[in-house]
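One letter stands for each residue in the lines below.
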Amino acid sequence: MTMRPAEARSATVSVAHQELWSGLELVAKLADGSIRRPPMAETLPFTLLPPEEGKVGLLATPEPRFCNLTNTVHGGWIMTMLDTVMALAAQTTLAAGETCPSHETTAKLVRPIFADSGEMRVSGHVVSRGRTVITLEGSIEDAQGRIYAHGTSTCLVLGRKP
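Quantities reported herein were computed from a predicted structural model and do not represent experimental measurements.

(A) Main features of the side chain of T93. Here T93 shows up in the loop between α5 (75–91) and β3 (102–109). Among the polar contacts listed, one links the side chain of T93 to the backbone oxygen of A90, at a separation of 2.7 Å. Those residues in contact with T93 that lie beyond four places of it in its chain are E53, G54, V126, R129 and I134.

(B) The arrangement of the sheet that holds strand β5 (residues 133–141) in detail. Strand order in the open sheet made by the six strands is β1-β2-β4-β5-β6-β3, with antiparallel pairing throughout. If you trace the sheet from one side to the other, it starts and ends with β1 (47–48) and β3, each paired once. Direction of pairing for strand β4 (residues 120–129) relative to β5: antiparallel, over a ladder of eight bridges. Paired with S123 across the two strands is S139, which belongs to β5.

(C) Representation of the environment of V110. Assignment of secondary structure puts V110 in the loop between β3 and β4. We classify V110 as partly exposed; its relative accessible area is 45%. Sequence spacing of V110 and R146 is 36 residues, and the spatial spacing of their C-alpha atoms is 9.7 Å. If near-sequence neighbours (up to four positions away) are discounted, V110 is found in contact with I147, Y148, A149 and H150.

(D) Quick peek at the nonpolar core. Formed by 37 residues in total, the largest nonpolar core has its most connected members in W77, I134 and I140. Sorting the residues of this core by element identifies α3 (23–32), β2 (55–60), α5, β4, β5 and β6 (147–156) as the ones contributing at least two each. The element that contributes the greatest number of residues to this core is α5, accounting for nine residues.

(E) Region of the structure containing the packing of aromatic side chains. Under the criterion given, the structure shown has one aromatic pair. Sitting over the face of the ring of W21, K29 holds its NZ or CZ atom 4.8 Å from the ring centroid. Here the guanidinium or amino end of R37 rests over the ring plane of F46, the centre of that ring lying 4.4 Å away.

(F) Just the environment of L24, in detail. In this structure, L24 sits in helix α3. The contacts of L24, once residues within four sequence positions are left out, are P51, E52, E53, Q91 and T92.

(G) Looking closely at the pattern of salt bridges. Across all of its chains, the model carries three salt bridges by this definition. Note that R129 is salt-bridged to E98, the shortest N-O span being 3.3 Å. In this pair, R129 is assigned in strand β4 and E98 in the loop between α5 and β3, connecting sequence segments 31 residues apart. For R129, a relative accessible area of 33% gives the class partly exposed. A salt bridge links R146 to D142; the nearest nitrogen and oxygen atoms lie 2.6 Å apart. By relative accessible area, D142 is classed as buried at 6%.

Definitions and cut-offs
Residues numbered from 1 in each chain as written. Predicted model: local features only at pLDDT ≥ 70, side-chain atom pairs only at ≥ 80, totals over all residues. Heavy atoms only, no water. Helix = DSSP H or I, 4+ residues; strand = E, 2+ residues; numbered from the N terminus. Polar contact = N/O pair within 3.5 Å; in protein donor to acceptor, adjacent residues only side chain to side chain. Contact = heavy atoms within 4.5 Å. Pairing = 2+ DSSP bridges. Buried < 20%, exposed > 50% of the residue type's maximum accessible area, 1.4 Å probe, protein only. Core = buried A, V, L, I, M, F, W, Y, C linked by side-chain atoms within 4.5 Å. Phe/Tyr/Trp six-rings, centres within 6.5 Å; stacked < 30°, edge-to-face > 60°. Lys NZ or Arg CZ within 6 Å of the ring centre and 35° of its normal. Salt bridge = Lys/Arg side-chain N within 4 Å of Asp/Glu carboxyl O.

These figures capture arrangement, not role.
Encoded structure:
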């Protein structure tokens, strides 16, 4: 399938076509805009950086609409950013046709994030890649490298459905 740049950003790719790519190829295509990102990325926007096998980075800027009553960014935003980056890092280790739904994700909130905290770097990496379980770590830091949250996750490795 050949796409011009303008078409690539809005192209919908069938699940069957996605199964032809390794997880790293799929995440790289999401990062470079070759395929449309899932709708959740419009709800909680972020920039997906070029991935490496087992490592993914995002840039995300908190917005006032993500704040709670104390004017800090809601923990749901933090959890979603961590879950997203770790799941994408797990995805980069998959063979074509495999999938890896999140099994569990935990987060520790180290300091509050405010709507004016600026751009955050969200990083995730694989700690262990087994045959059926992928264990991951993730963190959220500001431009000065101060950590705001960190977490762990496990994803289950599933083969193709018949």
